[in-house]
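Descriptive structure summary
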Amino acid sequence: QVQVVESGGGLVQAGGSLRLSCAASAAGSTFSINAIGWYRQAPGKQRELVAAISRGNSTNYADSVKGRFTISRDFDKNTVYLQMNSLKPEDTADYYCNAAVYVSGRFYPADFGSWGQGTQVTVSS
C-alpha cells in the first residue's frame with residue numbers, strides 16, 4: 001500500500017506563496033505510475049480535488065486555483081509538488097495528496113486506500 005507524507009504548509013499572508021511536497025514511501029513504483037492529485041478540505045466543507053497530474057505530466061486545476069497553483073512531479077524522488085502563489089484566505093485548508101484517475105483527458109478523485117496526515121495551510125487577510 002502506498003503511503004504518502006505531505007509537508008510544506010504553514011501560515012502565510014494573503015498574496016504570499018507556499019510550496020507543498022508529497023513524498024511517497026513504500027510501494028513507490030505504484031505511486032510513480034499513477035496520476036496524483038492534491039486535495040484540500042476546509043473546515044466544514046467536503047474534500048475537493050484542486051490539482052492533478054498524470055503519469056505523462058498532463059495537468060488540470062480546479063477553477064478556484066487555476067493560474068495560481070502549479071502541480072509538478074519528480075519521478076526520481078517519487079515526489080509531487082504543489083506551488084501555490086497569490087494565496088487567498090479562501091485557500092485556507094488541510095491539503096492532502098493521493099491518487100487520482102486520468103481518463104480521456106479528465107481527472108477524477110481516487111485514493112490509495114488511505115490518507116496521509118495532510119499539511120495545514122492558513123492564509124491570513
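Up top is the structure these notes are about.
What you see is a predicted model; the values in this text were computed from it and never measured. (Residues numbered from 1 in each chain as written. Predicted model: local features only at pLDDT ≥ 70, side-chain atom pairs only at ≥ 80, totals over all residues. Heavy atoms only, no water.)

Focus: the sheet that holds strand 7 (residues 69–74)
Our working definition: In this analysis, strands are considered paired if DSSP registers two or more bridges between them. Helical segments are the DSSP runs of H or I of at least four residues, strand segments are the runs of E of at least two, and each set is numbered from the N terminus. Between N-to-C directions, angles cover 0 to 180 degrees, with each direction set by a line fitted to C-alpha atoms, over the stretch in contact for helices.
Pairing within the open sheet is antiparallel, and its four strands lie in the order 1-3-8-7. Each edge of the open sheet carries a strand with a single partner, namely strand 1 (3–7) and strand 7. If you compare each strand with its neighbour and ignore which way they point, the axes differ by 15 degrees on average.

Some points on the state of the cysteines
As a reminder of what qualifies: Note on terminology: pairs of cysteine sulfur atoms within 2.5 Å are recorded as disulfides. Buried residues are those whose accessible area, probed at 1.4 Å on protein chains only, stays under 20% of the maximum for their type, while exposed residues exceed 50% and partly exposed ones sit between those limits.
Counted by the stated rule, this structure contains one disulfide. The disulfide partner of C22 is C97, and the S-S distance across this bridge is 1.8 Å. Across the disulfide from C22 to C97, rotation about the S-S bond amounts to roughly 60 degrees, and the bridge is consequently right-handed. Placement of C22 in strand 3 (residues 18–25) and of C97 in strand 9 (residues 93–103) is noted, with a sequence separation of 75 residues between them. Given the relative accessible area of 0%, C22 is considered buried.

Some thoughts on the nonpolar core
Stated formally: Residues belong to a common nonpolar core when they are buried Ala, Val, Leu, Ile, Met, Phe, Trp, Tyr or Cys residues joined through side-chain atoms within 4.5 Å. Pairs of residues are marked as contacts when any of their non-hydrogen atoms sit within 4.5 Å.
Membership of the largest hydrophobic core comes to 30 residues, with the highest contact counts inside it found for F31, W38, L82, M84 and Y95. Sorting the residues of this core by element identifies strand 3, strand 4 (35–41), strand 5 (48–53), strand 7, strand 8 (79–84), strand 9 and strand 11 (119–124) as the ones contributing at least two each. Those residues within four positions of M84 in sequence are excluded, and the remaining contacts are G16, S17, L18, L20, R68, F69, Y95 and V121. By size, the runner-up hydrophobic cluster in this structure holds five residues, among which are A35, Y39, A52 and F107.

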